[in-house]
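What the coordinates show
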Amino acid sequence: LQEIDKFVRPPLQKEYDVHTYDELKNVPDGGWAVAVGDEAHMLKNSESVRFQRAAPVLQKVRRVVLLTATPHLNRCIELWPLMHVLRPRLVPSYERFAKRYCNARLDRRTGRLDVRGFSRRHAGELRWLLANAFVVRRRKELVLKDLPPKRVRVLRVPVPDEELVAMAELEEKLEEATSAPAKQLAISSMFGATCDVKMRVACAQMLRLVPQAAREGPLLVFAHHQRMLDALQAALEDAQVTCARIDGHTPVKKRPALIKQMQDAKVQVGLLSYTAAGVGINLTSARVLLEAELFWTPSVLEQAECRCHRIGQAHPVTVHRLCVPGTADDRILKMLQRKRAEQELLVPIDDA
């Protein structure tokens, strides 16, 4: 609402409604001429209650615009819900889309389609369809020509071999796993174990960056696990460094005040979780960002980096991506490269 008030002329103040996607269940017929859905990737799961409630309402509106910097976060199948909302007659069938563009196969164990794949054979066709019927997209560097550069540095910090014993055991379990659930369990366990291995080095790297960030605004630190955020906060308190923290347990009503503390540089460090603070907030007073943990989805990391590398940023931004060799970080970095390559194959970019 604050952003709308900045740009909408006063005579139009009463001519629009604002709802969350979840609230659309209470709006059977909004009677709108135009509907604009921001952060549209929140509709990516066609089986979610959110999508089931929002899609019918949006499809009643003659003109719909879905805004998102990440048309699909993780898998190709996440494009179907957005395409179906916009033009249901053109892409009516989830199953047909999944089989053609996601190499979907029937999982005999579950009796459901496995839609985690990606069809390189039909990638060009899907890209053409998106470009000609769905997507108008601009690269950030073409739209925000005055935006300072962003530099991403991968910090490879080794740890003693004895700290990697559990990781080696989990690697063996992953190699021995034969079913998808077993592999997923092993990967999830590796991700958690990587958090434990990285705590000490993450705290050390964070404290090393605090003096640099102090000259350039607050240091932003992103992580995923609560215990990692707890360790980082404890290290800051021991070093008498001021911080503000936003994670999934932070009450929504308290978040604006914490964001303002960071944006006004009233604290030296902002501790942020990817899921709670990775989108929708403006922290352009920061120029240095540390990714204490990596994340499997490239768009999650990019969105986090965009909290400070966005409109209003007047200085170059440096992102430090902490990686500990011998942990799940090795697999995550490879996966990030693969998924980013798939996104580039699919999502058209209009340079006009």
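Residues numbered from 1 in each chain as written. Predicted model: local features only at pLDDT ≥ 70, side-chain atom pairs only at ≥ 80, totals over all residues. Heavy atoms only, no water.

Points about the side chain of His225
Relative to the helices and strands, His225 is located in the loop between β6 (219-223) and α9 (226-238). For His225, a relative accessible area of 13% puts it in the buried group. When sequence neighbours within four positions are dropped, the list of residues in contact with His225 reads Phe191, Gly192, Cys195 and Glu293. (Helix = DSSP H or I, 4+ residues; strand = E, 2+ residues; numbered from the N terminus. Buried < 20%, exposed > 50% of the residue type's maximum accessible area, 1.4 Å probe, protein only. Contact = heavy atoms within 4.5 Å.)

Comments concerning the sheet that holds strand β9 (residues 288-291)
Overall, parallel pairing links the six strands, which are arranged β5-β10-β9-β6-β8-β7 in an open sheet. Both outer strands of the open sheet, β5 (150-156) and β7 (243-246), are each paired with one neighbouring strand and no more. Adjacent strand axes in the sheet meet at a mean angle of 20 degrees, parallel and antiparallel pairs treated alike. Against the sheet, α9 makes contact with β6, β7 and β8 (269-273), and its axis sits at roughly 170 degrees relative to β8, the strand it touches most. Most of the contacts of helix α10 (residues 255-263) go to β7, to which it runs at about 140 degrees, and overall it touches β6, β7 and β8. (Pairing = 2+ DSSP bridges. Axes fitted to C-alpha atoms, helices over the stretch in contact; angles between N-to-C directions.)

Comments concerning the pattern of salt bridges
Applying the stated criterion across every chain yields a total of 17 salt bridges. Two residues, Arg112 and Glu47, come together in a salt bridge whose shortest N-O distance is 2.7 Å. Of this pair, Arg112 sits in strand β4 (residues 112-114) while Glu47 sits in the loop between β1 (34-37) and α2 (49-59), placing them 65 residues apart in sequence. By relative accessible area, which is 47% here, Arg112 ends up partly exposed. (Salt bridge = Lys/Arg side-chain N within 4 Å of Asp/Glu carboxyl O.)

Examining the environment of Gln268
The residue Gln268 is located in the loop between α10 and β8 in this model. Take Gln268: its relative accessible area is 31%, and that puts it in the partly exposed class. For the pair formed by Gln268 and Ala213, sequence separation is 55 residues and the distance between their alpha carbons is 7.7 Å. Here the side chain of Gln268 touches Thr242 through a polar contact of 3.0 Å, landing on its backbone nitrogen. (Polar contact = N/O pair within 3.5 Å; in protein donor to acceptor, adjacent residues only side chain to side chain.)

Considering the nonpolar core
Ranked by internal contacts, the top residues of the largest apolar core, which has 68 residues, are Met206, Leu219, Val221 and Leu232. Among the elements that take part in this core, helix α8 (residues 180-214) stands out by supplying 14 residues, more than any other. Among the nonpolar cores identified, the runner-up in size contains 33 residues, and Phe51, Ile77, Ala98 and Val115 belong to it. (Core = buried A, V, L, I, M, F, W, Y, C linked by side-chain atoms within 4.5 Å.)

The quantities given are spatial measurements derived from coordinates; they are silent on function.
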